[in-house]
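# Coordinate inspection notes
If you want the building blocks of each chain, they are given just below.
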Amino acid sequence: MPQPKDLDPSAYAAVGSTQLMEVGSSVGALLIHGYTGSVAETRPMGEYLAAQGLAIRCPLLPGHGTTPQDLTRIHWQAWADEVEVALRDLQNRCGVVFVGGLSLGSLLTLWLGAEHPEIAGLIPMAPAVRVRNRLMPLTPLLRYLFKYSPFGSVGDQDLGDLEAIHRIWCYDDMPLWGAAEVYLLQRRVRKTLSRIHQPILIFQGRRDAQLPPEAAQMVYDGVASTDKTLLWLEHSGHNLLADGERESVWARSHAWIRAHSRRAHASAVFQPNTSVA
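Here the residue index of a chain counts from 1 through its sequence in written order. The model is predicted, so local features are restricted to residues of pLDDT at least 70 and side-chain atom pairs to those at 80 or more, both for listing and for counting; the totals for chains, interfaces and linings are taken over all residues. Computation of side-chain values covers all heavy atoms of the structure but excludes hydrogens and water.

### A closer look at the environment of I168
- In this description a helix means any DSSP run of H or I spanning at least four residues, a strand means any run of E spanning at least two, and both kinds are numbered starting from the N terminus. Positionally, I168 belongs in the loop between α4 (139–142) and α5 (176–192).
- C-alpha separation for the pair I168 and A29, spaced 139 residues apart in sequence, amounts to 21 Å.

### Points about helix α1 (residues 43–51)
- Among all positions of α1, only R43, M45, G46 and L49 are buried. The buried residues of α1 occupy an angular sector of 160 degrees when projected down its axis, which confines them to one face. Any residue under 20% of the maximum accessible area for its type is buried, any over 50% is exposed, and the rest in between are partly exposed; the area is computed with a 1.4 Å probe on protein chains only. To obtain the arc, one takes the directions from the helix axis to the C-beta atoms.

### Focus on the packing of aromatic side chains
- Between the rings of Phe, Tyr and Trp (Trp by its six-membered ring), a pair exists once the centres lie within 6.5 Å; its type follows the angle of the planes, with under 30 degrees stacked, over 60 edge-to-face, and the other angles tilted. Under the counting rule described, the total for this entry stands at six aromatic pairs.
- Just above the ring of W177 sits the side chain of R143; from NZ or CZ to the centre is 3.9 Å. Here, a charge over a ring means that NZ of Lys or CZ of Arg falls within 6 Å of the ring centre while also lying within 35 degrees of the ring normal.

### A few points about the pattern of salt bridges
- By salt bridge we mean one thing: a side-chain nitrogen of Lys or Arg within 4 Å of a carboxyl oxygen of Asp or Glu. Under the defined criterion, the tally for this structure stands at eight salt bridges.
- A salt bridge links D161 to R167, with the nearest nitrogen and oxygen atoms 2.6 Å apart.
- Looking at D161, the relative accessible area reads 22%, which means it is partly exposed.
- Residues R206 and E234 are paired through a salt bridge, measuring 3.0 Å at the closest nitrogen-oxygen approach. One end of the pair, R206, is in the loop between β6 (200–205) and α6 (214–222); the other, E234, is in the loop between β7 (228–233) and α7 (246–270), with 28 residues separating them in the sequence.
- We classify E234 as partly exposed; its relative accessible area is 40%.

### Observations regarding the nonpolar core
- Counting residues in each nonpolar core, the largest one holds 77 residues, and the members touching the most others are W79, L108, L112, M125 and L240.
- Note on contacts: a residue pair qualifies if any of its non-hydrogen atoms lie within 4.5 Å across the two residues. For W79, the residues in contact, after removing those within four places along its chain, are Y35, L61, P62, H64, L71, I74, L104, L108, G178, E181 and V182.
- The definition of a nonpolar core used throughout is a set of buried Ala, Val, Leu, Ile, Met, Phe, Trp, Tyr and Cys residues joined through side-chain atoms within 4.5 Å. Among the nonpolar cores identified, the runner-up in size contains five residues, and L159, A164, I168 and A242 belong to it.

### Quick word on the pairing of strand β2 (residues 27–32)
- Of all six residues in β2, six are buried; the element is thus mostly enclosed.
- Side chains of β2 alternate between two faces, with V27, A29 and L31 and G28, L30 and I32 buried alike.
- By definition, two strands form a pair when at least two bridges between them are found by DSSP. Note: β2 against strand β4 (residues 96–102), six bridges, orientation parallel. If you follow L31 over to β4, its bridge partner there is G100.
- For the handedness criterion, the β-α-β arrangement of β2, α1 and strand β3 (residues 55–58) is classed as right-handed. The crossover handedness rule: strands pointing away from the viewer, path from first strand over the helix to second strand clockwise, crossover right-handed.

### Describing unusual backbone geometry
- Despite not being glycine, S103 shows a phi value in the positive range, around 60 degrees.
- Residue position: S103 is located in the loop between β4 and α3 (104–115).
- Even without a glycine there, the phi angle at A126 is positive, about 50 degrees.

### Let's talk about the sheet that holds β4
- Judged by pairing direction, the sheet is mixed, and its seven strands sit side by side in the order β1-β3-β2-β4-β5-β6-β7 without closing on themselves. Taken across any chain shown, the strands that pair with only one partner, and hence form the sheet edges, are β1 (12–14) and β7. Direction aside, the axes of adjacent strands within the sheet are offset by 15 degrees on average.
- Strands in contact with α3 are β2, β4, β5 (121–125) and β6; relative to β4, the strand with the most contacts, it is inclined by about 145 degrees. Fitted lines through C-alpha atoms serve as axes, helices being fitted only where they are in contact, and the angles separating the N-to-C directions of these axes extend from 0 to 180 degrees.

### Remarks on the side chain of N239
- Counting through the fold element by element, N239 comes out in the loop between β7 and α7.
- Residue classification places N239 among the buried positions, given a relative accessible area of 5%.

### A word on a positive patch on the surface
- Residues with no salt bridge and a relative accessible area higher than 30% make up the patches, which join like charges within 9 Å and nonpolar side chains (Val, Leu, Ile, Met, Phe, Trp, Tyr) within 5 Å. All accessible-area figures derive from a Shrake-Rupley calculation using a 1.4 Å probe, and residue coverage is judged against the displayed protein chains alone. The charge count treats Lys and Arg as positive and Asp and Glu as negative. His and the chain ends do not count. Each charge is placed at NZ for Lys, CZ for Arg, CG for Asp and CD for Glu. On the surface, R130, R187, R188, R190 and K191 cluster together into a positively charged patch.
- Secondary-structure assignment places R188 in helix α5.

### Some points on the side chain of Q186
- Relative to the elements of secondary structure, Q186 occurs in helix α5.
- Residue contacts for Q186: discarding those within four places in its chain leaves L107, A128, V129, R130 and V131.

### As for a nonpolar patch on the surface
- A surface patch of nonpolar side chains, about 310 Å² in accessible area, is lined by L135, L138 and F151.
- Along the polypeptide, L138 turns up in the loop between β5 and α4.

### Brief notes about the pairing of β7
- Across six bridges, the pairing between β6 and β7 is parallel. In the strand pairing of β7, G205 is matched with L233.
- The parallel pair β6 and β7 is bridged by α6, and the resulting crossover is right-handed.

Written out as structure tokens, the structure is:
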């Protein structure tokens, strides 16, 4: 698995413009990377959206961007705490905030959506609410027997673009402790889907070898959102933020954010003031 020296795995942030797209307030987007991955996945999309005027936060999840050893005693709550901090930072700066994430990042996106109804919209990409690996439910036990997966790291053989491997920074090993935490978070998120009411835009690669097709459909069917879209990427694998259709994901996300930013602002403007003088 790659760790190209020309890719930066560290956290990324962009201020954005004071006002965006005539919505009357600044708009922010929180983008969350996947398990064993890094901000090298989310940074290009963040830079694209920042160029359109959005304030961006791409946090580096604890245990990532360093060595696999740092994922051998992690807990999913540490990842949740990190994205909570990034969300609060954006909310302090922006009137409208969207959240998107890839794989593990999609689980954290959905978790935030259930916990924070004020989020304007969610963009889960390759939502990992279910995986193909049948050993995943055993990881809470296996992690006490094996430090790393004996089968190696998650492969990227499903990528549609042969050059995509050069756009990925991730670990060479799969720490089973952290994998078990992903599983525990996955179970929690599946139970909270019905609490999600925000507009939601789901991306799923047709070539994805890590997730079964029903995973994305499970999210689509499980959320309580009335405004929901599931988009299939015919030539993309699991890491669709690095694959050949990534720029389409950026552009479609931007158009969707633009439309829903206006709606979110209009809703806030016309919401009756119930405060008592």
